[in-house]
Amino acid sequence: MPLNAGTTGYGSVTGSVAGPGLSASGAGGSESAPLLIREPEPVPYQQWQPLTKEELELAAGGPHWRKARCYLLLLFWLAWVAMISGAIAILIMSPRPVAMSLEWWQKTLFYRLQPDLLAEKQAGGSVGVNALCEQLPSLRALGIGALILEGLFDKKASSLNLNVTGERFGTLPQIQHLLIESHRADLKVVLDVCEVDLLGPRDAVGNSAADNTFPQHALRFWLEQGVAGFVICDTDAAYSGRTLLEWKGVFKEFSSEEMKRIAVVKQTRDVLPPLNQGNVTLVDVVMRSILPSSQYLLSTKEVASAIETRLQTSGEDIWPSWTVGGKASLELKELLLVLLMTLPGSPAVQYDEDLTQAQDKERSVAALFSTLAASRAREEALLFGSFTFLPFNSSTASNSSSSNSTLPPPPILAFLRSWGCVHFLVLLNVGPEPGGLDAARAPSLPTAGVFVANSRMDRVGSTSLDTLVLRPREAAVIKLFEPGSYS
């Protein structure tokens, strides 16, 4: 019997499992499905490997890569050229301050010595000379570079015996010893001959036997001793272009690149006549007083007016040397010292025991002088920077004691010393009342700064001009800076 004999559907398997290639037949055998699904074979693990040299050359040699590299290289060089060009343009367009080449008398601090104040009360002045020799190293440590000996010669001396000194200061050997010790201390010495009759003996009609010329033998004698120069007054009878021209001729013989001899004119009149002959400058330094000479103490209003007049004076062609000159109260001593050390030119400080004697007080004149001298030596703005007078408005904090006063208080005086982007603001409150500043009068001026020094030596750190209040008779030196910048 055949194995497939039977009823209909015999031999049909529903839901049976077939092997590969077989199918399960449904009703009538019209549908088929795989009886066994083959699992996909696992993909073999491929480890990353860099391209070989041949593959890299093949990929990099394509046209797209060559264009991309050319564009990137061109973009790099264009950016580099643009940065260099921008930097050059900034340097060219930015104002560049040019440092001045200063002579020794333009960088130094002068110290005026008067024998009557220096010599002790004993007979003669030898003690004073010896004491001065001992103080020379201390003066040099403070920053002083030159001494001006005033009154070295007796008033009765003449141009014919200028190698003979008056006994009130010291004998000639002692003065020579002082010059030697000054040279050892790196201090130059300038002789003041304002009180000397430079014309010498005159006849009945007033003609000078010396032919109106300063005797060259006296100049040569002191120049050989190492004197750095001489001071003459504009009121002296011998003050003339002819005299100064002869001085220059003698100075040239004794001058060198390291040690040039100078002629100083002490100005006492309002107007100084021209002191040039052709291309020859007859005077190296003009010494001027901040305060007018007077026999009494100047009032606060007079001091403020004199200072304001000096600050508003236009610049001079001849290098100035400033001294206090007139008499002011002791309360203004430190304020005038700050003004003296910050004005354009070479300060000429008068003899002061506070500068030569050690002090334990907080408000030390020596400490103030030393701070100002150090700032002036290292800051170009204070040494040879430009000068700008600032017309500040001041707001005075009145109180009951001053409300009855009918006179307005002196204004707060201010000026700016600048060199390049560095600015130093000097503020002077001469009046008896505290006062603030109206910074709106100088809108381009930075309002932030840091204290460099003040007359009481008790302010440090940063400050703002909008909130700063100056105390009575206080002076302050502030280094300004833009907010967020460093200078």
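Residues numbered from 1 in each chain as written. Predicted model: local features only at pLDDT ≥ 70, side-chain atom pairs only at ≥ 80, totals over all residues. Heavy atoms only, no water.

Chemist: Requested: an account of the overall build of the chain, with residues and values cited.
Modeler: Counting secondary structure elements, the chain contains 13 helices and 19 strands. With 487 residues in all, the chain has 41% of them scored as buried. Intrachain contacts of the chain at a sequence separation of at least 6 include 72% that bridge at least 24 residues. For the chain, the accessible surface area stands at approximately 27,900 Å², while carbon and sulfur atoms represent 56% of it. (Helix = DSSP H or I, 4+ residues; strand = E, 2+ residues; numbered from the N terminus. Buried < 20%, exposed > 50% of the residue type's maximum accessible area, 1.4 Å probe, protein only. Contact = heavy atoms within 4.5 Å. Areas by Shrake-Rupley, 256 points an atom, 1.4 Å probe, with all protein chains shown as cover.)

Chemist: Summarise helix H9 (residues 300-311); cite the residues concerned and give the values.
Modeler: With 12 residues, H9 should cover 16 Å at 1.5 Å per step; its first-to-last C-alpha distance of 17 Å lies within 8% of that length. Inspection of H9 places Val303, Ala304, Ala306, Ile307 and Leu311 among the buried residues, and these make up the whole buried set. For H9, the arc enclosing every buried residue in end-on projection is 165°, short of the 170-degree limit, so these residues lie on one face. Each element contacted by the buried residues of H9 is listed here: strand E8 (285-291), helix H10 (333-342), strand E11 (386-390), strand E13 (413-419) and strand E14 (422-429). (Expected span 1.5 Å × (residues − 1). Arc of directions from axis to C-beta.)

Chemist: Any chance you could break down the sheet that holds strand E4 (residues 229-233) for me, citing the residues and the numbers?
Modeler: Each strand in a sheet pairs with another by means of backbone hydrogen bonds, the pair being arranged parallel or else antiparallel. Reading around the circumference, E1-E2-E3-E4-E5-E8-E9-E10 is the order of the 8 strands in this closed barrel, with parallel pairing throughout. Here the strands of the sheet are splayed against their neighbours by 25° on average, with no regard to which way each runs. Looking at chain direction, strand E1 (residues 110-113) and strand E10 (residues 346-350) are connected through 3 bridges and run parallel. When the sheet's bridge partners are listed, tyrosine 111 is paired in E10 with valine 349. Sheet contacts for helix H8 (residues 241-254): E4 and strand E5 (262-266); angle to E4, the most-contacted strand, approximately 175°. (Pairing = 2+ DSSP bridges. Axes fitted to C-alpha atoms, helices over the stretch in contact; angles between N-to-C directions.)

Chemist: Explain unusual backbone geometry residue by residue, including any values.
Modeler: One non-glycine residue with positive phi stands out, namely aspartate 186, at about 60°. Within the fold, aspartate 186 resides in the loop between helix H6 (172-184) and strand E3 (188-192). On the accessibility criterion, aspartate 186 (44% relative accessible area) is partly exposed. Positioned with a positive phi, arginine 473 is a non-glycine residue whose angle comes to about 55°.

Chemist: Account for the packing of helix H7 (residues 216-224) against H8, with residues named and values stated.
Modeler: Two numbers describe how H7 lies on H8: the axes approach to 10 Å, and their chain directions differ by 30°. Seen along the crossing, H7 lies across H8 with a hand that is right-handed. Residue-level inspection shows Gln216, Leu219, Arg220, Leu223 and Glu224 of H7 in contact with H8, the latter providing Glu246, Trp247, Val250, Phe251, Glu253 and Phe254. Tallied by class, the residues present in the contact of H7 with H8 amount to 6 nonpolar, 1 polar and 4 charged. (Left-handed = near helix turned anticlockwise from the far one by under 90°. Nonpolar A, V, L, I, M, F, W, Y, C, P; charged D, E, K, R; others polar.)

Chemist: Run through the sheet that holds E11, naming residues and quoting values.
Modeler: If you walk across this open sheet you meet the 6 strands as E11-E13-E14-E19-E16-E17, and the pairing is antiparallel. Edge strands, defined here as strands with exactly one partner in the open sheet, are E11 and strand E17 (462-464). The sheet shows a mean angle of 35° between the axes of neighbouring strands, direction not considered. Here strand E16 (residues 448-454) pairs with E17 via 3 bridges, running antiparallel.

None of this, on its own, says anything about what the molecule does.
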